[in-house]
Amino acid sequence: EKTADLSAYSNVYVRIFVNQTTALRYIDDISLVYNGATTNYTTAPNCSSDPSLSVNVEEIEDLGYTLGASASTPKYFELSGLNLDGTKSVLLGVSEGINSNFEISLSEHSNYASEIEIENYNGTTALIWVRLKTGRAVANNYADAITFATDYSVASEPGVLVFGAVTAPVITTN
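What counts as what
Residues numbered from 1 in each chain as written. Predicted model: local features only at pLDDT ≥ 70, side-chain atom pairs only at ≥ 80, totals over all residues. Heavy atoms only, no water. Helix = DSSP H or I, 4+ residues; strand = E, 2+ residues; numbered from the N terminus. Buried < 20%, exposed > 50% of the residue type's maximum accessible area, 1.4 Å probe, protein only. Contact = heavy atoms within 4.5 Å. Areas by Shrake-Rupley, 256 points an atom, 1.4 Å probe, with all protein chains shown as cover. Patch = residues over 30% accessible without salt bridge, like charges linked within 9 Å, V, L, I, M, F, W, Y side chains within 5 Å. Salt bridge = Lys/Arg side-chain N within 4 Å of Asp/Glu carboxyl O. Lys, Arg positive; Asp, Glu negative; His and termini not counted. Charge placed at Lys NZ, Arg CZ, Asp CG, Glu CD. Pairing = 2+ DSSP bridges. Core = buried A, V, L, I, M, F, W, Y, C linked by side-chain atoms within 4.5 Å. Axes fitted to C-alpha atoms, helices over the stretch in contact; angles between N-to-C directions.

A. View of the overall build of the protein. Of the regular secondary structure elements, the protein holds zero helices and 11 strands. Along the chain direction, N to C, the helices and strands of the protein fall in the order β-β-β-β-β-β-β-β-β-β-β. Per-residue burial over the protein gives 31% buried out of 174 residues. Considering only residue pairs separated by 6 or more positions, the protein has 68% of its internal contacts joining residues 24 or more positions apart. A total of about 11,700 Å² of accessible surface is found on the protein, and carbon and sulfur atoms cover 48% of it.

What follows is the structure, given as structure tokens:
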């Protein structure tokens, strides 16, 4: 229990750390005491103690490059979770597997693959990098989905759609 006299302040903001992380968490119950009177607040009806995974975007577009260039400049999305105890893993994969035109990584500059695993995931925000693979043919219709699987009992697993294109180089003549 933490107690502090904040009566000298007109606005008070509270940031709660759980296990040294700032991952999104729900507060179960809280009591506020002001001028000797106590007001109790209980969990909101839409809060849950069930494990869950979430992402900050539903799709990533404009992953592309000009024919002959290396893989596209990577973009990222954020994965976070609630009520995860860090005892299980989360597996992320591009739905087309090794045949996909996209690849993912936990690092912007290396270790791209069709699948990655976050071991002992506790819900802390993780950046998931995605890019269009090198060596693709000229086309503007590359699309795939990044899927999630976990042993946590989550109600639903999120997904992220990814879109990209390879364009033909512009040839100029004098």
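B. Spatial organisation of a negative patch on the surface. On the surface, a cluster of negative charge is contributed by Glu 58, Glu 59, Glu 61 and Asp 62. Among the structural elements, Glu 61 can be located in strand β4 (residues 59–66).

C. How the structure looks around the pairing of strand β11 (residues 159–167). Residues Val 160, Val 162, Gly 164 and Val 166 point to one face of β11 and are all buried, whereas Gly 159, Leu 161, Phe 163, Ala 165 and Thr 167, pointing to the other face, are not buried. Bridge analysis of β4 against β11 gives six bridges, and the strand direction is parallel. For Ile 60, the partnering residue across the bridge sits in β11 and is Val 162. Two strands pair when backbone bridges link them, and strand β10 (residues 139–150) and β11 are joined in this way by seven bridges, in the antiparallel orientation. By the bridge assignment for β11, Ala 143 is matched with Phe 163.

D. A look at the nonpolar core. In this structure, Leu 79, Leu 92 and Ile 128 are the most contacted members of the largest nonpolar core, which totals 28 residues. Excluding residues within four positions of it along the chain, Ile 128 makes contact with Lys 75, Tyr 76, Phe 77, Leu 79, Leu 92, Ile 104, Ser 105, Leu 106, Ile 116 and Ile 118.

E. Molecular detail of the sheet that holds strand β7 (residues 102–105). The strand order across the open sheet built from four strands is β3-β5-β9-β7, with neighbouring strands paired in antiparallel fashion. Looking at which strands have only one partner, the edges of the open sheet turn out to be β3 (52–55) and β7. Strand-to-strand twist in this sheet, taken as the mean axis angle between neighbours without regard to direction, amounts to 25°. As judged from the five bridges shared by strand β5 (residues 75–82) and strand β9 (residues 126–132), these two strands associate in the antiparallel manner. Residue pairing for β9: Lys 75 is matched across the bridge by Val 130.

F. Region of interest: the environment of Phe 148. Along the polypeptide, Phe 148 turns up in strand β10. On the accessibility criterion, Phe 148 (6% relative accessible area) is buried. When the C-alpha positions of Phe 148 and Val 94 are compared, they lie 9.0 Å apart, and in sequence the two are 54 residues distant. Ignoring sequence-local partners within four residues, the contact set of Phe 148 consists of Val 55, Phe 77, Leu 79, Val 90, Leu 91, Leu 92, Glu 157, Pro 158, Gly 159 and Val 160.

G. Structural context of the environment of Gly 159. Mapped onto the elements of the fold, Gly 159 is located in strand β11. Gly 159 gets classed as partly exposed once you look at its relative accessible area, which sits at 39%. In sequence terms Gly 159 and Glu 59 are 100 residues apart; their C-alpha atoms lie 8.4 Å from each other. With near-sequence residues (within four places) excluded, Gly 159 lies in contact with Val 55, Val 57, Glu 58, Ile 146 and Phe 148.

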